[in-house]
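# Structural features, examined
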Amino acid sequence: MAAAISATLVFAARRRPLVCSLSSSSSKPNTRKLVLYSKPGCCLCDGLKEKLNAAFSLSSGSDSLNDVTLQVRDITTNPKWERAYQYEIPVLAKENSDGKEEVLPRLSPRLSAEIIQKKLLAAFR
C-alpha cells in the first residue's frame, strides 16, 4: 500500500506546483477531490490531464474549481487499480463525502475546457 500511496501524484490548479502525496489523508476540510486513473505512455490520459488543468485555470467566482484537488494515480503501481482500469483508462472519479469513489462518465477528448469545467461543477452538486 505504501508504494501505491507514494506513487500518487496530486495536481491542483495549474498555477499551483505539483505535489507528491505521501499520505492517504492529504485532503483538507471542505476540499473536493477528483481521482484520475492513468498510466505512463497513455496519450488519452495525458490529453485529459491537459484539459483538466485548463479547466482548473478557468475557475473563478461561483464557478470555482479552486477547492478541487486532482489526484493522478498510476494504475501500474497497484494491482487492484490495474485489474479494474487497464482497459478503461483514463478513468475519472470523484470522492464522495463518505470517502467512497464514484466513477464519472467518460469525458470526450473533443470537449473544450469550458465544457469540462461545467461538467465537473455539475458532478459536485
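Above this text you will find the structure in question.
Before going into details, it helps to say that this report is about the structure given with it. All values derive from a computational prediction rather than experimental measurement.

### Here we look at the overall build of the protein chain
If you tally the helices and strands in the protein chain, you get four helices and six strands. Ordering the α and β elements of the protein chain from the N terminus gives α-β-β-β-α-β-α-β-β-α. Residues counted as buried form 41% of the 125 residues belonging to the protein chain.

### Considerations on the environment of Glu88
Among the secondary structure elements, Glu88 is positioned in the loop between α3 (79-85) and β5 (91-95). Distance in space between the C-alpha atoms of Glu88 and Ser38 is 9.3 Å, their sequence separation being 50 residues.

### Points about the nonpolar core
Counting 19 residues, the largest nonpolar core has Leu34, Leu52, Leu70, Leu92 and Leu120 as its most contacted members. Counting residues in each nonpolar core, the second largest holds nine residues, with Tyr37, Trp81, Tyr85 and Ile89 among its members.

### Regarding the packing of helix α2 (residues 43-58) against helix α4 (residues 113-123)
Contact geometry of α2 with α4 gives a least axis separation of 8 Å together with a crossing angle of 75°. It follows that α2 is roughly perpendicular to α4 by the angle criterion. Of the residues in α4, those in contact with Lys51, Leu52, Ala54, Ala55 and Leu58 of α2 are Ala113, Glu114, Ile116, Gln117 and Leu120. Across the contact of α2 with α4, the residue classes tally to seven nonpolar, one polar and two charged.

### Some remarks on α2
For α2, spanning 16 residues, the distance from its first C-alpha to its last is 23 Å, which sits close to the expected 22 Å at 1.5 Å a residue. Turning to α2, its buried residues are Cys45, Leu48, Leu52, Asn53, Ala55, Phe56 and Ser57.

### Quick notes on unusual backbone geometry
Trans peptide bonds make up the majority, and among non-glycine residues the majority have a negative phi. A cis amide bond links Ile89 to the next residue, Pro90, at an omega of 0°. Here Pro90 is to be found in the loop between α3 and β5.

Conventions we followed
Residues numbered from 1 in each chain as written. Predicted model: local features only at pLDDT ≥ 70, side-chain atom pairs only at ≥ 80, totals over all residues. Heavy atoms only, no water. Helix = DSSP H or I, 4+ residues; strand = E, 2+ residues; numbered from the N terminus. Buried < 20%, exposed > 50% of the residue type's maximum accessible area, 1.4 Å probe, protein only. Core = buried A, V, L, I, M, F, W, Y, C linked by side-chain atoms within 4.5 Å. Axes fitted to C-alpha atoms, helices over the stretch in contact; angles between N-to-C directions. Parallel < 35°, antiparallel > 145°, perpendicular 65-115°, else oblique. Contact = heavy atoms within 4.5 Å. Nonpolar A, V, L, I, M, F, W, Y, C, P; charged D, E, K, R; others polar. Expected span 1.5 Å × (residues − 1).

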